[in-house]
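A structural walkthrough
This is what each chain is made of:
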Amino acid sequence: MTYLAAIREALQEEMRRDPNVLILGEDVGGTFGGAFKVTQGFAEEFGDRRVMNMPLAELAFVSAATGMALMGLRPVVEIQFADFITTAFDSIVQFAATNYYRWQAPVPWVIRAPADGGIRSGPFHSQNPEAWFVHTPGLKVVAPGTPADAKGLLIAAIRDNNPVIYLESKTLYRSLKGPVPAGEYVVPIGQARLAREGEHLSIITYGTQLRESLAAAERLAQEGIEAEVLDLRTLKPLDREAILQTVRKTGKILIVHSANRLAGVGAELAAQIAEDAFEWLDAPIRRLGGADTPIPFSPPLEDAYRPDAEKIYRLARELAAY
Amino acid sequence: MSESSLTREQKIELYYWMCLTRIFDDMMVAYWKQGKGLGGTFSQRGHEAISVGSAYALEPDDVVAPMHRDLGCYLLRGITPRRIFANLLGKATGVSRGRDANLHGMGDLNHNIIGYISHLPQSLPVTVGVAMSFRYRNEPRVAMTYVGDGSSSAGLFHESLNLASVHKAPVVVIVENNQYAYSTPLHQQMNIQDIAIRAAGYGIPGVVVDGNDVEAVYAATKEAVDRARRGEGPTLIECKTMRMLGHAIHDGAEYVPRELLAEWEAKNPVLRFEQRLLAEGLVDQAEIDEIRQRCQVEVADAIEFAEQSPYPDPETLEEGVYAP
Ligand SMILES: Cc1ncc(C[n+]2csc(CCOP(=O)(O)OP(=O)(O)O)c2C)c(N)n1
């Protein structure tokens, strides 16, 4: 099943199970089914009452989702491209995220945000906004890197009583296939997964870069370098135990993500590892991420900007030799 | 409204820009359909009269912030077909030097053009700021921008018009009401037919124009520009038209009723103006053919230039993020 089909299946199953689950976003309803067709056919099955087209006004409809969530509904909001989430940023970080802390009323919405680039869509349609949200107390942030996790994490997110930012990789939508358990399948928020075992170094990653990291690890294995690949799956809260375990095991850490490296999630991981597992480290922690530039459109520039299997392979080899 | 004080030469000039815009667009769409394009791209088919007619009402010193269906405005303001096509192909010779996609990032202050902001409708408040700077410096200049029917739903639309009105900013806002925002029809976007009526809420004039009639668009814009220049503040102009193709190249627009498209095809703004010019005896068919031919050559040249231009050097990735 494709990554996209897995997201779709999770939404479908949750909507069938719980009448409080509904979908809102630009172009999600009718016969269209969203810019990426994730909800195609949904309006037919669930009606326009539960699959609602929204006017072009993210701040308004994300805030409205907060209102619905306060009344016990479980809105799943689609932001057309993750980039446009900034338009609703105010209501997410100020109100929804802090609400339970301030007056104990839960806000159980999910925002699905198609993130990442690699498909030549330019600075306004390629961003990875996770760091903004990981920085915000009160939110949960997940970023599946496999079809199975795309389903399992979305179901967990919908059932969670907190606002969850669900970052999906539009790069993987149709290009990544994998097995997906049928029926109810929940991947608990906050648990990393060892995607590959290895002795010589650890690659810690998530989202789109999981596939790239696994490809790099395959290549390294041909040269006798066994890389462990830890897929974080959830960026907030982080699975500290899984991170420490892999550090203790290999002592060499390469962190990979698509978002800008500077002050990205990798920076936080590196800091936590340095603080909590310094004595297990056999080499300086290395990080791969985007350059400190907007995400360029032109192929040679975008390729230079982004981490990929080749870059991961090269840096991992250096690290293994350290 | 369609009576305008344009001379014969001006009308022919308008026709040339519309023709160039249409031919550029046709050839661009064909190029992408052949699978030779890069990323996505937007067709402005049906919007020629709006982008050309409105931009024609500006003086060179005026500033404009076009959006994704305003190809005609970019061309008329002096960004060459070569630079635009190179931008579409991500080449170093494109307006954004390969940094930004399609018509995004096509700004050039040498032509008094503000680059398009993808987050709709953020170009609007920026344009209000441009206009406020003219007022601040007592310059007789005007700023103009465009929003779609969809983008006029955002809170910023309302905030910006209110701000502009309160500060009597010399700004003209063109709403391109092409009846669809991506797949969303007008009735799911708003509960009104005329977006122009919103102007009343801000105490500014709101005008409805036939967006497929270039002279009507020109006349309304000219009036609004003159008004702004006289210090009388903003005007909201709603141009009614139809988006003739999908939202972007990949979108077949199956959700749009075919009859609606047929109805609007009959109002084809380029053809209609051409027929009017012929009927008024201002041009003959030979002149029309000559102009078309000239446009075709220009666009073909632009495509060749873009194809032969180099991609940006990946070594320059980190260059150009900060101004010197
Ligand atoms: C804040 C924001 N949300 C979503 C989008 C994605 N998007 C791009 S164009 C578009 C529809 C715009 O409709 P309209 O303003 O009517 O202009 P049109 O494309 O019809 O010319 C949408 C939803 C965006 N660019 N900005």
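Residues numbered from 1 in each chain as written. Chains lettered and ligands numbered in written order. Predicted model: local features only at pLDDT ≥ 70, side-chain atom pairs only at ≥ 80, totals over all residues. Heavy atoms only, no water.

1. Quick look at the overall build of chain A
When its secondary structure is counted, chain A shows eleven helices and twelve strands. Projected onto its principal axes, the C-alpha coordinates of chain A cover approximately 60 × 40 × 40 Å. Out of the 322 residues belonging to chain A, those deemed buried represent 63%. Expressed as a percentage of contacts within chain A between residues at least 6 apart in sequence, the contacts between residues at least 24 apart total 82%. For chain A, the accessible surface area stands at approximately 11,700 Å², while carbon and sulfur atoms represent 53% of it. (Helix = DSSP H or I, 4+ residues; strand = E, 2+ residues; numbered from the N terminus. Buried < 20%, exposed > 50% of the residue type's maximum accessible area, 1.4 Å probe, protein only. Contact = heavy atoms within 4.5 Å. Areas by Shrake-Rupley, 256 points an atom, 1.4 Å probe, with all protein chains shown as cover.)

2. Quick word on the sheet that holds strand β2 (residues 143-148) of chain B
Residues and elements named next belong to chain B. Pairing within the open sheet is parallel, and its five strands lie in the order β1-β2-β3-β7-β6. Taken across any chain shown, the strands that pair with only one partner, and hence form the sheet edges, are β1 (63-65) and β6 (206-210). Across the sheet, the mean angle from the axis of one strand to that of its neighbour is 20 degrees, orientation sign disregarded. Here helix α6 (residues 155-166) sits on the sheet in contact with β2, β3 (171-177) and β7 (235-240), set at roughly 150 degrees to β3. (Pairing = 2+ DSSP bridges. Axes fitted to C-alpha atoms, helices over the stretch in contact; angles between N-to-C directions.)

3. With respect to the UniProt feature "domain: Dehydrogenase E1 component" (unreviewed entry) in chain B
Look at the UniProt record and you will see "domain: Dehydrogenase E1 component" (unreviewed entry) annotated at residues 18-315 of chain B. End C-alpha atoms of residues 18-315 of chain B are separated by 39 Å, and the span's content is 44% helix alongside 10% strand. (UniProt positions renumbered as here; feature names shortened; annotations may be inferred.)

4. Focus: the site of the ligand
In the vicinity of the ligand lie 21 residues, with Glu58 of chain A together with His68, Gly150, Ser151 and Tyr180 of chain B positioned nearest. Residues close to the ligand are split across chains A and B. Contact distances for the ligand include 3.1 Å between a nitrogen atom and a backbone N or O atom of Leu120 of chain B. Tyr180 of chain B has a polar backbone atom sitting 2.7 Å from an oxygen atom of the ligand. For the ligand, the accessible surface in isolation is 570 Å², of which the surrounding protein chains cover 97%. By residue class, the composition of the shell around the ligand is seven nonpolar, ten polar and four charged. (Near = heavy atom within 4 Å. Polar contact = N/O pair within 3.5 Å; in protein donor to acceptor, adjacent residues only side chain to side chain. Nonpolar A, V, L, I, M, F, W, Y, C, P; charged D, E, K, R; others polar.)

5. What to know about helix α1 (residues 3-17) of chain A
The terminal C-alpha atoms of α1 of chain A lie 21 Å apart, and with 15 residues this matches the ideal 21 Å at 1.5 Å per residue to within 8%. Burial in α1 of chain A covers these residues: Tyr3, Leu4, Ala6, Ile7, Glu9, Ala10, Leu11, Gln12, Glu14 and Met15 of chain A. (Expected span 1.5 Å × (residues − 1).)

6. Section: the packing of aromatic side chains
The tally for this structure, following the rule as stated, stands at 17 aromatic pairs over all chains. Each ring, one from Tyr180 of chain B and one from Tyr255 of chain B, has its centre 5.8 Å from the other, and the planes form 45 degrees; the classification is tilted. Highlighted residues: Tyr180 of chain B in strand β4 (residues 180-181) and Tyr255 of chain B in the loop between β7 and α10 (258-265), separated in sequence by 75 residues. Connected via pairs of aromatic rings, a cluster forms that spans Tyr3, Phe36, Phe81, Phe84 and Tyr173 of chain A. When the ring centre of Trp264 of chain B is taken as origin, the NZ or CZ atom of Lys267 of chain B, which lies over that ring, is 3.8 Å away. (Phe/Tyr/Trp six-rings, centres within 6.5 Å; stacked < 30°, edge-to-face > 60°. Lys NZ or Arg CZ within 6 Å of the ring centre and 35° of its normal.)

7. Quick look at the pattern of salt bridges
All names here are of chain A. One pass over the full model with this rule turns up 46 salt bridges over all chains. Arg306 serves as the salt-bridge partner of Asp116, at 2.5 Å between the closest nitrogen and oxygen. On the criterion of sequence distance, the pair formed by Asp116 in the loop between β4 (110-115) and α5 (130-134) and Arg306 in the loop between α10 (299-305) and α11 (309-321) is long-range, its members being 190 residues apart. Since its relative accessible area comes to 10%, Arg306 is described here as buried. Of the charged contacts in the structure, one is a salt bridge between Arg196 and Glu226, with a shortest N-O distance of 3.2 Å. Note that Arg196 is positioned in strand β7 (residues 193-196) and Glu226 in the loop between α7 (208-222) and β9 (227-231), a separation of 30 residues in sequence. For Glu226, a relative accessible area of 28% translates into the label partly exposed. (Salt bridge = Lys/Arg side-chain N within 4 Å of Asp/Glu carboxyl O.)

8. Topic: unusual backbone geometry
Cis rather than trans, the peptide bond between Lys236 of chain A and Pro237 of chain A has omega equal to 0 degrees. Tracing the chain through its elements places Pro237 of chain A in the loop between β10 (234-236) and α8 (240-250). With an omega of -10 degrees, the peptide bond between Leu120 of chain B and Pro121 of chain B qualifies as cis. Locating Pro121 of chain B in the fold gives a position in the loop between α4 (81-88) and α5 (123-136). The phi dihedral of Gln179 of chain B falls on the positive side, at around 70 degrees, and the residue is not glycine.

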